[in-house]
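Survey of secondary and tertiary structure
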Amino acid sequence: MEFALYSMSLIAGLVLARAFVENCNLHLRVGRFWFHHWILALAAMIVLLYIGIDAEIAWGALTGIAIEGLRRKRWGLVQNPDED
């Protein structure tokens, strides 16, 4: 059943990230560096791994968020400011 919980959380994370990105104009930038939601999800995964949290809901949701970010056209860390 852990896999089912992970799978449902993955779908929920993907849907929530998609809904947020489509309806919110929030950009985390420092100069030319863009911190996309897949980068933030990866950072959160590293923290979870480091502190030893193995909750399927957390890992599934963060995986969904990362997947949603990586499927986008502009997903790189460095962006040209003229591409806004």
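Everything below is about the structure printed above this text.
Quick caveat: nothing in here was measured; it's all calculated off a predicted structure. (Residues numbered from 1 in each chain as written. Predicted model: local features only at pLDDT ≥ 70, side-chain atom pairs only at ≥ 80, totals over all residues. Heavy atoms only, no water.)

**A look at the pattern of salt bridges**
This is how the line gets drawn: Between Lys or Arg on one side and Asp or Glu on the other, a salt bridge is scored when a side-chain nitrogen of the former is within 4 Å of a carboxyl oxygen of the latter. In this text, helices come from DSSP runs of H or I with a minimum length of four residues, and strands from runs of E with a minimum of two, each type numbered from the N-terminal end.
Scanning all chains against the criterion turns up 1 salt bridge. Two residues, R18 and E22, come together in a salt bridge whose shortest N-O distance is 3.6 Å. With R18 and E22 both in helix α1 (residues 2-23) and 4 residues apart, this pair spans about one turn of that helix.

**Quick look at α1**
Counted only if it meets this: Between the first and last residue of a helix there are one fewer steps than residues, each counted as 1.5 Å, and that sum is the expected span. The buried label goes to any residue with under 20% of its type's maximum accessible area, the exposed label to any with over 50%, and the partly exposed label to all in between, with areas taken from a 1.4 Å probe on protein chains only. Of all possible arcs, the one meant is that of the directions from the helix axis to the C-beta atoms. Note on definitions: a residue-residue contact is assigned when non-hydrogen atoms from the two residues lie within 4.5 Å.
Taking 1.5 Å per residue, 22 residues should reach 32 Å; α1 reaches 31 Å between its end C-alpha atoms and fits that length. All of the buried residues in α1 are S9, L10, G13 and A17. Looking straight down α1, one finds its buried side chains confined to an arc of 110°; they lie on one side. Set apart from the buried face of α1 by more than 90 degrees, the exposed residues are M8, I11 and N23. If you follow the buried residues of α1, they end up packed against α2 (37-51) and α3 (56-70).

**With respect to the nonpolar core**
What counts, and what does not: What we call a nonpolar core is a set of buried Ala, Val, Leu, Ile, Met, Phe, Trp, Tyr and Cys residues that are connected through their side-chain atoms within 4.5 Å.
W38, I39, A41, M45, L48, L62 and A66 together form the largest nonpolar core, which totals 7 residues. Contributions of two or more residues to this core are made by α2 and α3.

**Quick look at the packing of α1 against α3**
Heads up, the condition is: Between N-to-C directions, angles cover 0 to 180 degrees, with each direction set by a line fitted to C-alpha atoms, over the stretch in contact for helices. Geometric relationships in this document are graded by angle, where less than 35 degrees denotes roughly parallel, more than 145 denotes roughly antiparallel, 65 to 115 denotes roughly perpendicular, and other angles denote oblique. Two helices that cross are described as forming a left-handed crossing if the nearer one is turned anticlockwise from the farther one by less than a right angle, and a right-handed crossing if clockwise.
Two elements in contact, α1 and α3, have axes separated by 6 Å at closest approach and are oriented at 40°. Relative to α3, the element α1 is oriented oblique. Of the two possible hands of crossing, α1 and α3 adopt the one that is right-handed. On the side of α1, the interface is formed by E2, L5, Y6, S9, L10, G13, L14, A17, R18 and V21, while α3 contributes E56, I57, W59, G60, A61, T63, G64, I65, I67 and E68.

**Concerning a nonpolar patch on the surface**
For clarity, the cut-off: Here a patch means residues that are over 30% exposed by relative accessible area and free of salt bridges, tied together within 9 Å if like-charged and within 5 Å if nonpolar (Val, Leu, Ile, Met, Phe, Trp, Tyr). Here the open area of atoms and residues is found with the Shrake-Rupley method and a 1.4 Å probe, where only the protein chains shown may cover a residue.
A surface patch of nonpolar side chains, amounting to about 650 Å² of accessible area, comprises F20, L26, L28, V30, F33, F35 and L40. For L28, the location among the structural elements is in the loop between α1 and β1 (29-30). With relative accessibility at 41%, the residue L28 sits in the partly exposed group.

In short, geometric facts, not functional conclusions.
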